[in-house]
Amino acid sequence: MRPPRWIGVVLVAGFLLAGCGTCGTGPGGVRQTSVLTVAIGVDPDTLDPMRQTTTTVANIVQMVVEALGRVDQTGKVQPNLATAWQEAPDAMSWTFTLRAGLRFSDGTPFDAAAVKTNLDRSLDPTSVCPNCGALTHAVKSVDVIDPGHVRLTMSMPLAADVLLGLISTTPYSMLSPRTIQKGTPGYTQQEQPVGTGPYALKQRVKGDHVMLARNDDYWGRRPAFAEQLFRVVPDIATREALVRSGQAQVTLLPPVSDIPSLQKDATVRVLLASGDRSVFFALDTVDKQQPLLQNVQVRQALNYAINRDAIVKSTLFGAADVASAPMASSVFGYCQVPNPYQYNPDQARSLLQKANATGLTINLVAPTGRYLQDFQAAQNVANDLRAIGVNVQGPRTMDWPSYVGTVVVPSAKASVDGHMLGWAPQYLDASQAMQIFDPSQMPPRGLATSYYDNGTVTGLLQKALVEPNRDTRAQEYCEAEKQVWNDAPWIFLWVQKFPIVYSATVTGIGSVPTESFYTVYAQPA
Amino acid sequence: MLSYVGRRLLAAIPTLWGVATAVFIMARLLPGDPARVIAGVLATQDQVDRLRWQLGLDQPLPVQYLDFLGRLVRLDLGTSAHYGDSVTGEIASRLPYTAELAFAALAIAVVVGVLGGAAAALRRNTAIDLAISAVSVVGISMPTYWLGLMLIIVFAIQLRVLPAAGADSPAGIVLPALTLGLLSVGLIARMTRSSLLEVLGQDYVRTARAKGVPPSRVVLAHALRNALVPIVTAAGLQLGALMGGAVVTETVFGWPGVGRLLLDSIFSRDYPMVQGLVLLFAVTYILVNLLVDLLYVAIDPRVRYI
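The paragraphs below set out a description of the structure included in this document. (Residues numbered from 1 in each chain as written. Chains lettered and ligands numbered in written order. Predicted model: local features only at pLDDT ≥ 70, side-chain atom pairs only at ≥ 80, totals over all residues. Heavy atoms only, no water.)

Focus on the side chain of Ser122(A)
Residue and element names in this part refer to chain A.
Here is step 1: You can see Ser122 is positioned in helix H3 (residues 112-123).
Here is step 2: You can call Ser122 buried: its relative accessible area is 4%.
Here is step 3: Contacts of Ser122, omitting those with residues within four sequence positions, involve Met50, Ser127, Cys129, Cys132, Thr136, Pro171 and Tyr172. (Helix = DSSP H or I, 4+ residues; strand = E, 2+ residues; numbered from the N terminus. Buried < 20%, exposed > 50% of the residue type's maximum accessible area, 1.4 Å probe, protein only. Contact = heavy atoms within 4.5 Å.)

Observations concerning the state of the cysteines
All names here are of chain A.
Here is step 1: By the definition in use, this model includes two disulfides over all chains.
Here is step 2: Here Cys129 is linked by a disulfide to Cys132, with a sulfur-sulfur distance of 1.9 Å. Judged by the torsion about the S-S bond (75°), the Cys129/Cys132 disulfide is right-handed. Of the two residues examined, Cys129 and Cys132, each falls in the buried class.
Here is step 3: Covalently, Cys335 is tied to Cys478 through a disulfide, its sulfur atoms 1.9 Å apart. Disulfide Cys335 to Cys478: torsion about the S-S bond roughly 90°, handedness right-handed. (Disulfide = S-S within 2.5 Å.)

Quick word on the environment of Phe104(A)
Residue and element names in this part refer to chain A.
Here is step 1: For Phe104, the position within the fold is in the loop between strand E5 (93-98) and H3.
Here is step 2: Of the residues examined, Phe104 reaches a relative accessible area of 2% and is grouped as buried.
Here is step 3: Expressed as a C-alpha distance, the spacing of Phe104 and Val279, which sit 175 residues apart in the sequence, is 40 Å.
Here is step 4: Every residue in contact with Phe104, bar those within four places of it in the chain, is listed here: Pro109, Phe110, Ala114, Met174, Leu175, Ser176, Pro177, Val194, Gly195 and Thr196.

A few points about the packing of helix H11 (residues 258-267) of chain B against helix H12 (residues 271-299) of chain B
Residues and elements named next belong to chain B.
Here is step 1: Where H11 meets H12, the closest approach of the two axes is 9 Å, and the angle between their N-to-C directions is 145°. For the pair H11 and H12, the sense of crossing is left-handed. On H12, the residues touching Val258, Leu261, Leu262, Ser265 and Ile266 of H11 are Met273, Val274, Leu277, Val278, Leu280 and Phe281.
Here is step 2: Residue classes in the contact of H11 with H12 are distributed as 10 nonpolar, one polar and no charged. (Axes fitted to C-alpha atoms, helices over the stretch in contact; angles between N-to-C directions. Left-handed = near helix turned anticlockwise from the far one by under 90°. Nonpolar A, V, L, I, M, F, W, Y, C, P; charged D, E, K, R; others polar.)

Here we look at the sheet that holds strand E7 (residues 149-154) of chain A
Residues and elements named next belong to chain A.
Here is step 1: Here four strands make up an open sheet; going across it, the order is E4-E5-E7-E6 and the pairing antiparallel. Taken across any chain shown, the strands that pair with only one partner, and hence form the sheet edges, are strand E4 (82-87) and strand E6 (139-146). Sheet twist, expressed as the average angle between the axes of neighbouring strands with direction ignored, equals 20°.
Here is step 2: With six bridges connecting them, E6 and E7 associate as antiparallel partners. Residue pairing in the sheet places Asp143 in a bridge with Arg151 of E7.
Here is step 3: Along the sheet, H3 contacts E5, E6 and E7; its crossing angle with E6, the most-contacted strand, is approximately 170°.
Here is step 4: Running over the sheet, helix H5 (residues 160-167) touches E4, E5 and E7 and is turned about 45° from E5. (Pairing = 2+ DSSP bridges.)

Topic: the interface of chain B and chain A
Here is step 1: In this complex, chain B contributes 57 residues to the contact, which on the side of chain A involves 60 residues.
Here is step 2: Summing both partners gives a buried area of about 4,700 Å² for chain B against chain A, and 61% of it is carried by carbon and sulfur.
Here is step 3: At the boundary of chain B with chain A, the tally comes to five salt bridges.
Here is step 4: When the shortest N-O distance is used, the salt bridge between Asp168(B) and Arg231(A) registers 2.9 Å.
Here is step 5: Where chain B meets chain A, there are 15 residue pairs in polar contact (both at pLDDT 80 or more).
Here is step 6: Those elements giving two or more residues to the side of chain B that touches chain A turn out to be helix H2 (34-39), helix H3 (45-54), helix H5 (87-122), helix H7 (144-158), helix H10 (215-252) and H11 of chain B.
Here is step 7: Among the elements that line the side of chain B that touches chain A, the one with the most residues is H5(B), at seven residues.
Here is step 8: Across the side of chain B that touches chain A, the residue classes tally to 33 nonpolar, 12 polar and 12 charged. (Buried area = accessible area lost by both parts, 1.4 Å probe. Salt bridge = Lys/Arg side-chain N within 4 Å of Asp/Glu carboxyl O. Polar contact = N/O pair within 3.5 Å; in protein donor to acceptor, adjacent residues only side chain to side chain.)

Focus on the pairing of E4(A)
Here is step 1: As defined by bridge partners, E4(A) adjoins E5(A) across five bridges and the pair is classed as antiparallel. Bridge pairing in E5(A) places Gln86(A) opposite Thr95(A).

Overview of the environment of Leu372(A)
Residues and elements named next belong to chain A.
Here is step 1: Note that Leu372 resides in the loop between strand E14 (361-365) and helix H12 (374-387).
Here is step 2: On the basis of relative accessibility, which here comes to 10%, the residue Leu372 falls in the buried class.
Here is step 3: Spatially, the C-alpha atom of Leu372 lies 8.0 Å from that of Ala319, the residues being 53 residues apart in sequence.
Here is step 4: Apart from the residues within four sequence positions on either side, Leu372 is in contact with Leu253, Val256, Leu316, Ala319, Gln496, Lys497 and Pro499.

Concerning the packing of helix H15 (residues 455-466) of chain A against helix H16 (residues 470-487) of chain A
All names here are of chain A.
Here is step 1: Orientation of H15 relative to H16, taken along the N-to-C sense of each, is 160°, at an axis distance of 9 Å. Accordingly, the angle class assigned to the pair H15 and H16 is roughly antiparallel. Relative to H16, H15 is oriented so that their crossing is left-handed. Only Arg473, Glu476, Tyr477, Glu479, Ala480, Gln483 and Val484 of H16 make contact with H15, whose side of the interface consists of Val457, Leu460, Leu461, Lys463, Ala464 and Leu465.
Here is step 2: Grouping the amino acids of the contact of H15 with H16 by side-chain chemistry returns eight nonpolar, one polar and four charged. (Parallel < 35°, antiparallel > 145°, perpendicular 65-115°, else oblique.)

Brief notes about the pairing of E5(A)
All names here are of chain A.
Here is step 1: Between E4 and E5, which follow one another and run antiparallel, lie five residues, and Ala91 among them has a positive phi close to 65°.
Here is step 2: The pairing of E5 with E7 spans five bridges and is antiparallel. Bridge pairing links Trp94 to Leu152 in E7.

Focus: the side chain of Ser245(A)
Here is step 1: Locating Ser245(A) in the fold gives a position in the loop between helix H7 (236-244) and strand E11 (250-252).
Here is step 2: Looking at Ser245(A), the relative accessible area reads 2%, which means it is buried.
Here is step 3: Only 3.2 Å separates the side chain of Ser245(A) from the backbone oxygen of Leu242(A), close enough to count as a polar contact.
Here is step 4: Those residues within four positions of Ser245(A) in sequence are excluded, and the remaining contacts are Ala156(B), Ile157(B) and Arg160(B).

Such coordinate-based values are descriptive only and should not be taken to indicate function.
Put into C-alpha cells, the structure is as follows:
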C-alpha cells in the first residue's frame, strides 16, 4: 500500500492551526512598564473592607480605601485621613480632626458625615465584620461635631494603642458614603469599593485578577505605576514561574524550598520580610485522655526537646525566627523572656522522669499549606519528641476547614493532645496577640485552644487592655508573657517570615510586619 | 427522534435528583463548620451564629434538604456562602472559561489523536506505529499537574513565548489547553488505531480497493467513517473527563473556570456552590451522552431512534 499523502498535509495543517493560538498576540502576559503585575495565591472572596478576613486581600483593598490612621512599617499609627486625634481626660471619648478638602474618587466629599456613615456601618451589630474587634462593644456612638471633626463616645475606655490600632485597620476604612447608603445592597456587601486611596478599582474578574488604576486626584504622593494588576494564581510553583519568566514583577509566598535558588538568581530579589505570626503546637493543658499534659514539667520537657534552630534552617530554609517569647518581637508589648527553651534533650528526659511521665503518649495534628512548611516542620517536631522517648502518634493532617473543626472545639470535645497553629495579630499590639491566653477566649468564643487558665495572666491582660500609660502597659504584658512562657501551654516554635519575590526590574516593594505587602510606591528600577 | 430526546431528558430527572441528594449529603458529611470558615477564626461566636442563621444552616437537615429541592425545581441554586452572590450568577460568569478550555482541549485531542491513530493504523507494525503507541501510553500516564509545570518551564520561563497563568490575553489558553488536551490524545489515538484496523480488514474495504477507488478515498469515505462510532463515544466521554481534569489544570494555570471554583468552594465549605457545580457537571455528562447518541445517527445511517 502506498503511503497516503493527505495524512502529511493534514498533520502539518493541524499543527499550524494548533500553533496559531500564539500568532499575532506576541508574548502574552509580558506587559508594558506602566503596569505592575503581582501574583497572589488567594482569590478575593469579597472586596468589602468591612468583611475582610484575609490579609492579602485586605492589602489590595487598602490601596483603594484608607482609614483614619495608618500603620507604618514599624507598626506605629500615623495620621492618614485624620490629621490628629485627642482623647478626653476621662478616656470616654475621642475627637478626630479630618484631613480637609479631600474627595472620594467618585467626587463625593470626604467629611465628618462620611466618617459617621462608614463607622456606623462597620459597628452595626447586624453587619458582618469579623475583624472589627473590641470597638464594636466599646464605642457607644459616632457623632459629627462639624464637617472637619468627628467624635467617638465610648461605653468603656480602651487603651490608646488598641483604639488607634483598630481604627487604622481595613474594616474601618472609608468608603464613599454614596455607595453604602443604609437600606441599599451596598450597605450589607460592597463589591465596588470607592475610596480616597492612591488607586481606584478598575476591573475585577473573579478567579482571575483584580485591576487597579492610579487615582490621579490622590491627595498624597503619586504612585509610579499607572496600573497594578493582582493576578490570582493558586499554585505556588506557577506563581514562582510568573516572576522568573518576567510575566509578574512581584509574587507573594513562593515555595520556601526554592528560596536558596531564588536568592542566587540575579534577575529576582527575595525579601524575607519580618512577620508577626507565631507558630506553635498548642497543648491541651486540661487533657482528660492524657492527664500528664496538665503537668507544667511535662510541657516544659516537650519545649526543651525541640531543635528549633535546625528545623528553621533545614525545613524552613531560614524563613523564620526562633521564638523568644509567646509573641513576635514586632508586636508592641513584646519582651524577651529570660529563660529561652534551648534545645536540651537531656534536660527534657530528666524533666519527664521527675514528672513520672516517661513513656508519655501524645497524638498530634498539623495543617498542610497553611503556614510555611507546616506539615513538614510538624514531622520534625514529632521526631524530636520521639528522640526523648515520647510516643508520638501522628502528626495527622487534614484540609483547613476540617482542621479548624477538629481543633477549635470546647475542651470537652477535644480529641487531640497537641495541634499546630499560627497566630498573627492584625495590628501590632499585644492585646490581640495575647488574647489567645485569655480563658474567656476558649472555644467556641475564640482561639484559646490550649484551654490555658492562669488567674495572674488573665488579670494582667485585663488591666493592660485599658491601661492608659504605655510603659505600664508594656510592663504588664511583659509579666504576662513571662508567666505564659514558664507555664508552657504551647510548644513554642518560631515566628515565620513573609517571603516576597520580586523582579530586579522594580524597586520600592515593601512590607509591614502584619504579613502585609506594600506595592503602592513600587517603581521601575 | 424528538420524542426520543424528550424521553431521554425525562429519564435524566431521577438521575439528577439522585446526584442532588448525594451531593447534599456528602457536603454535610465533611467535617468543619461553614459559618466558622466564612466568618474566619477571629470572628466572635455571635457573628458565627448570625452567619449560620443567614445561611439557613441552623435549620434541621430535612428542612434544609426540602428547601434545597424546592429551590432546585425553580432552578434557584441559592446564594454562595463564600462570595455572597447567587450561585447561578457566579457559575454563569465562570462557565465560559471552562467551556472554552474544554473545547480547545477536545479539539487538540481529537485532531492529534485521530490523525496519530490513523497514521499508526495505516503504518501498522512500523517504527511510526511504535512511536505513536509509545507517545500515547506516555500521554495517558502523565500526571496533568506535572505536565502543566513542564510546559510552563519550557514555554514561559525558558522560551518566554507563552503566559504561564491568566485568562486575560488570547495566548493564555494555549498552555492549559495543551495540558488538558494531551491527556486525551493517547486514548483517542489508540481508539482510532484499533477501530480503523478492524474496519480496514473488512471485505468492503478490499472490494473498494479492488474496484480502483483511490487510497485516500478508501481511508476517508469507507474506512474512517465506519470506524468513527467508537471514536465519537470516546471523545464524548473525554469531554466529561476534561471537565474533571479542568480542576487540576485550572489550578495550575490560574484559569478562572468552574473546576477551580469547585475546589475553592470545597475548601471554603460553600455548600450551595458545591451542590450547584456538581449538578452542573452531572447535567453536562447527561447532555454529552445524549449528544453522542444523536451523533451516531449522522455517522451511521443504520442507527435509528424512534
